[in-house]
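Chain and residue survey
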Amino acid sequence: QVQLVESGGGLVQAGDSLRLSCAASGRTFSPYRMGWFRQAPGKEREFVAAINWSDGNTYYADSVKGRFTISRDNAKNTVYLRMNGLNPEDTAVYYCAAGSGAGIFRPQGYYNWGQGTQVTVSS
């Protein structure tokens, strides 16, 4: 099966920025959409952003709208998450996932997941 690998996480201070990347292995990669989720200790995995692979339509959680930008490079089988204006509440493990045509905002709508990358924002 196709493997997804996230990178770009790290330790930053409040107000700083990061760009996460998610690369898919293999040539035969054609999901309906790609999404980013995050999970903080003791909390449920929550939706962050998603992008339709074909038409490029984007979707964002209210908590990150205006600060985060999702994009993709179809030729490189890669999806990105640009995170600006980070605050300590953004601290979490960030996961990318390949999704089906339903369930944009739910983990159940995605069938393939990466291993996650840690983002830590200090005060």
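Presented here is an overview of the structure given in this document. (Residues numbered from 1 in each chain as written. Predicted model: local features only at pLDDT ≥ 70, side-chain atom pairs only at ≥ 80, totals over all residues. Heavy atoms only, no water.)

Our focus in this paragraph is the overall build of the protein chain. A tally of helices and strands in the protein chain yields zero helices and eleven strands. Sequence-ordered secondary structure for the protein chain, helices as α and strands as β, is β-β-β-β-β-β-β-β-β-β-β. Since a compact globule built from 123 residues should have a radius of gyration of about 14 Å, the 13 Å found for the protein chain is in line with a globular shape. For the C-alpha atoms alone, the extent of the protein chain along its principal axes is close to 40 × 25 × 25 Å. Across the 123 residues in the protein chain, those meeting the buried criterion constitute 46%. Split by element, the accessible area of the protein chain, about 6,400 Å² in all, is 46% carbon and sulfur. (Helix = DSSP H or I, 4+ residues; strand = E, 2+ residues; numbered from the N terminus. Rg over C-alpha atoms; globule rule 2.2 N^0.38 Å. Buried < 20%, exposed > 50% of the residue type's maximum accessible area, 1.4 Å probe, protein only. Areas by Shrake-Rupley, 256 points an atom, 1.4 Å probe, with all protein chains shown as cover.)

Turning our eyes to something else, we now look at the environment of Glu 89. Mapped onto the secondary structure, Glu 89 falls in the loop between strand E8 (78–83) and strand E9 (92–99). On the accessibility criterion, Glu 89 (61% relative accessible area) is exposed.

In terms of nonpolar packing, the biggest core is built from 36 residues, with Leu 4, Met 34, Trp 36, Leu 81, Met 83 and Tyr 94 touching the most fellow members. For this core, the elements supplying multiple residues, two or more each, are strand E3 (18–24), strand E4 (33–39), strand E5 (46–52), strand E7 (68–73), E8, E9 and strand E11 (117–122). Contact partners of Leu 4, with chain neighbours within four places excluded, come to Cys 22, Ala 23, Ala 24, Phe 29, Met 34, Cys 96, Ala 97, Ala 98, Asn 112, Trp 113, Gly 114 and Gln 115. (Core = buried A, V, L, I, M, F, W, Y, C linked by side-chain atoms within 4.5 Å. Contact = heavy atoms within 4.5 Å.)

Interpretation note: all reported values are geometric properties and have no functional meaning in isolation.
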